[in-house]
Amino acid sequence: MNYDHIVVGAGSAGAIIASRLTEDPNRAVLLLEAGPDYTDLDEMPPDVKFGYGHGLAAIDVLGTEHRWHFVAKSTDRSAPMLVPRGKTTGGSSAVNAQIFLRGVPEDYDDWASWGNDEWSFQKLIPFFNRMETDTDYSDDFHGVDGPTIVRRYKPDEWLPDQQAWYQACREYGFPDCPDHNDPDSTGAGPCPFNNPNRIRWSTNIGYLSEARDRPNLTIVPRALAHRVIFEGTRATGIEYEVDGDLQSAHGDEIILSAGAIGSPHLLMLSGVGPADHLRQMGISVIHDLPGVGKNLRDHPQVQLTWRTKPGFEQDSLAPRIQFVVRYTAEGSDLRNDMLIHPFSYATRSLYYTDPNTEPIGIGMIAAIYLAESAGEILLRTTSPRIQPFLNYNLLATDFDRRRMRESVQICLDLAQKDSLAELIEERRFPTDAEIESEQALDDWMMRNVRTSHHISGTCKMGPSDDSMAVVDQYAKMHGIEGLRVADASIMPDCIRANTNATSMVIGERVADFVKNGN
């Protein structure tokens, strides 16, 4: 069978594209997903179904079959960094922290100014609204009847340590921010989440549940894509493996939505990417695109933890995050370029480094939400089963390090405010020695900085005169016919927010382009 569209990856963007395109009964769509598929809520395992609680521990979640277990380089001084990404229908929207933040308007307007005028904030507002049902707000900037349920924790749900952190932020001087998705917002307040009743409302639940019974949609789970099939410089199909059986499917258009790691990896395996690198790997070059795998963007973060006083109890079923603060770093002209959030139920384990999940206290995450530093993805082998080399290159510039130092200091200051100080017995991480000087703090940061799981930019969109652009603003591959990329990889830069909501908007926007013949 020849399909109208083959979508590779049923994640935040791919599931939406397949769902939207099959609203037209005359379009036949094949959706390939490397991980398992769950057709309804009742059959979903806990680590996919629930966003928090229910006995879920980070180390348990990391060990499931529902994640790619990538390992990456953070800095020259850090230990190997674990990068779990979603590997099931819903992709990373089925395994993430459910933070449903939009970028600031300037993010998208910057994209537009770089030759992508279809991606301005004003043009994206209808697509942001289309995909959500915001249960707290209904106005020009919030959707009320979309497939994704969005909410904020109410005061009667606030955990004591989360509320104490919020009070510390207000005492520090941060303005109150009741709605972080208001385009003019800044400061501290409840974070928007897509987790009603603890259910992680993934694109599998929100979108595929409405589409999977359509006769024009074929979903093939546990299908590992090997390469794009070409006739000359036209993409005509996908070679993929299911249960050890190598198969192929052909379509009029191929849409890669395999994520900011998977999409550039698959392109390079298929002969599309930096020509010199491909030849070094023994891969025949279909098309030289130097930007494939470059411009790797993320939000660098560091974690601070405190031991709480005896008698302070935490509920393992409770949410870990309820608030965030967004602010602008001293001397920065990038509005809301920084984010800090508290987390409850801190354990002895630091970021999946050991299986010890004994609770010891509380913590904070300090993150740069618009970093200067960029990394890259390179092939290690020609096998689709072997992950590429991921060099995040975090905190590589003075500007990034300066902003992170300031953010760590703000966290330390917040911990001294009365509301938090009365809960804290001692700081556990970093130690006093690790913050005694700027050099010591830089060394600690370079050893401990890590991903915020917001990798993006590795197939950036831009006009044809941008030598590093991989796709145009309609997500069509430069120099290749019949091939689009539609996921977080096409972001020219990481937005000042968690990336899931924008990845979903990419799915909505590209589906609309396809429907309208763009």
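**Overview of empty space enclosed by the protein**
Rolled over the atoms, a probe sized like a water molecule indicates the empty space that remains.
Reasoning step 1: Enumeration over the complete set of coordinates arrives at 2 cavities of 30 Å³ or more.
Reasoning step 2: Taken together, Arg-102, Gly-103, Val-104, Pro-105, Phe-121, His-180, Asn-181, Asp-182, Pro-183, Ser-185 and Arg-326 form the lining of the largest cavity.
Reasoning step 3: Estimates place the volume of the second largest cavity at around 40 Å³.
Reasoning step 4: What lines the second largest cavity is simply Asp-161, Trp-165, Pro-342, Phe-343, Ile-362, Gly-363, Met-364 and Leu-420.
Reasoning step 5: Of all elements in the fold, only α6 (160-172), β16 (338-347) and β17 (359-368) reach the threshold of two or more residues within the lining of the second largest cavity.

**A short note on a negative patch on the surface**
Reasoning step 1: Together, Asp-139, Asp-140, Asp-182 and Asp-184 give the surface a local cluster of negative charge.
Reasoning step 2: With respect to the helices, strands and loops of the structure, Asp-139 is situated in the loop between β5 (132-134) and β6 (148-150).
Reasoning step 3: For Asp-139, a relative accessible area of 39% gives the class partly exposed.

**What about the sheet that holds strand β20 (residues 424-429)?**
Reasoning step 1: Here 6 strands make up an open sheet; going across it, the order is β7-β15-β16-β17-β14-β20 and the pairing antiparallel. Each edge of the sheet is formed by a strand with only one pairing partner; in this case those strands are β7 (187-190) and β20. Averaged over all neighbouring strand pairs, the angle between strand axes comes to 25°, with direction disregarded.
Reasoning step 2: Pairing between strand β15 (residues 323-327) and β16: 3 bridges, direction antiparallel. Counterpart to Arg-326 in the pairing with β16 is Leu-339.
Reasoning step 3: Along the sheet, helix α10 (residues 398-416) contacts β14 (301-308), β15, β16, β17 and β20; its crossing angle with β17, the most-contacted strand, is approximately 145°.
Reasoning step 4: Where helix α12 (residues 438-448) meets the sheet, its contacts fall on β14 and β20, and the angle it forms with β14 comes to roughly 105°.

**Topic: helix α4 (residues 105-113)**
Reasoning step 1: Listing the buried residues of α4 in full gives Pro-105, Asp-107, Tyr-108, Trp-111 and Ala-112. Taken down its axis, α4 places every buried residue within 165° of arc, on the same side.
Reasoning step 2: Contacts from the buried residues of α4 go to α5 (121-130) and α13 (500-515).
Reasoning step 3: Phi for Gly-115, located one or two positions after α4, is positive at around 100°.

**Describing the nonpolar core**
Reasoning step 1: Membership of the largest hydrophobic core comes to 142 residues, with the highest contact counts inside it found for Ile-238, Leu-256, Tyr-392 and Met-477.
Reasoning step 2: When residues in this core are grouped by element, the largest group, 8 residues, is from α13.
Reasoning step 3: Non-local contacts of Leu-256, meaning those with residues more than four positions away in its chain, are made with Val-8, Val-228, Ile-238, Ser-263, Leu-266, Leu-267, Leu-483, Arg-484, Val-485, Ala-486 and Asp-487.
Reasoning step 4: One finds Met-44, Val-48, Phe-50 and Ile-205 within the second-largest nonpolar core, a separate group that totals 8 residues.

**Considerations on the packing of α10 against α12**
Reasoning step 1: Interhelical geometry of α10 versus α12 gives an angle of 100° and a closest axis separation of 11 Å. Judged by the inter-axis angle, α10 sits roughly perpendicular to α12. Each of Arg-401, Met-404, Arg-405 and Val-408 in α10 lies in contact with α12, whose residues at this interface are Glu-438, Leu-441, Asp-442, Trp-444, Met-445 and Met-446.
Reasoning step 2: For the contact of α10 with α12, the per-class residue count stands at 6 nonpolar, no polar and 4 charged.

**Quick word on the packing of aromatic side chains**
Reasoning step 1: For the coordinates displayed, the defined rule picks out 16 aromatic pairs.
Reasoning step 2: Ring centres of Trp-119 and Phe-513 lie 6.1 Å apart, and the angle between their planes is 70°; this geometry places the pair in the edge-to-face category. Of the two residues, Trp-119 sits in the loop between α4 and α5 while Phe-513 sits in helix α13, which places them 394 residues apart along the sequence.
Reasoning step 3: Taken together, a centroid distance of 4.9 Å and an interplanar angle of 75° make the contact between Tyr-474 and Phe-513 edge-to-face. Within this pair, whereas Tyr-474 is found in the loop between α12 and β21 (483-485), its partner Phe-513 is found in helix α13, the two being separated by 39 residues in sequence.
Reasoning step 4: According to the relative accessible area criterion, Phe-513 is buried, its value standing at 1%.

**Description of the pattern of salt bridges**
Reasoning step 1: Enumeration according to the criterion identifies 38 salt bridges in this entry.
Reasoning step 2: Across the pair Asp-179 and Arg-152 runs a salt bridge, and its minimum N-O distance is 3.0 Å. Pair noted here: Asp-179 is in the loop between α6 and β7 and Arg-152 is in the loop between β6 and α6, with a separation of 27 residues, a long-range link. Arg-152 matches Asp-179 in its accessibility class, with the two residues each being buried.
Reasoning step 3: One salt-bridge network, in which partners are shared between bridges, spans Arg-20, Glu-23, Arg-130, Glu-508 and Lys-515.

**Points about the packing of α6 against α10**
Reasoning step 1: Close contact between α6 and α10 brings their axes to 9 Å; oriented N to C, the two are set at 105°. On the basis of their axis angle, the class for α6 and α10 is roughly perpendicular. For the pair α6 and α10, the contacting residues are Trp-165, Ala-168, Cys-169 and Tyr-172 in the first and Ile-410, Asp-413 and Leu-414 in the second.
Reasoning step 2: Of the residues in the contact of α6 with α10, the class split is 6 nonpolar, no polar and 1 charged.

What counts as what
Residues numbered from 1 in each chain as written. Predicted model: local features only at pLDDT ≥ 70, side-chain atom pairs only at ≥ 80, totals over all residues. Heavy atoms only, no water. 1 Å grid on protein atoms, 1.4 Å probe; cavity = no way out; pocket = protein on both sides within 12 Å on 5 of 7 lines; lining within 4 Å. Points joined across faces, edges and corners; volume = space filled by probe spheres on them. Helix = DSSP H or I, 4+ residues; strand = E, 2+ residues; numbered from the N terminus. Patch = residues over 30% accessible without salt bridge, like charges linked within 9 Å, V, L, I, M, F, W, Y side chains within 5 Å. Areas by Shrake-Rupley, 256 points an atom, 1.4 Å probe, with all protein chains shown as cover. Salt bridge = Lys/Arg side-chain N within 4 Å of Asp/Glu carboxyl O. Lys, Arg positive; Asp, Glu negative; His and termini not counted. Charge placed at Lys NZ, Arg CZ, Asp CG, Glu CD. Buried < 20%, exposed > 50% of the residue type's maximum accessible area, 1.4 Å probe, protein only. Pairing = 2+ DSSP bridges. Axes fitted to C-alpha atoms, helices over the stretch in contact; angles between N-to-C directions. Contact = heavy atoms within 4.5 Å. Arc of directions from axis to C-beta. Core = buried A, V, L, I, M, F, W, Y, C linked by side-chain atoms within 4.5 Å. Parallel < 35°, antiparallel > 145°, perpendicular 65-115°, else oblique. Nonpolar A, V, L, I, M, F, W, Y, C, P; charged D, E, K, R; others polar. Phe/Tyr/Trp six-rings, centres within 6.5 Å; stacked < 30°, edge-to-face > 60°.

Everything listed is a geometric property; what it means functionally is a separate question.
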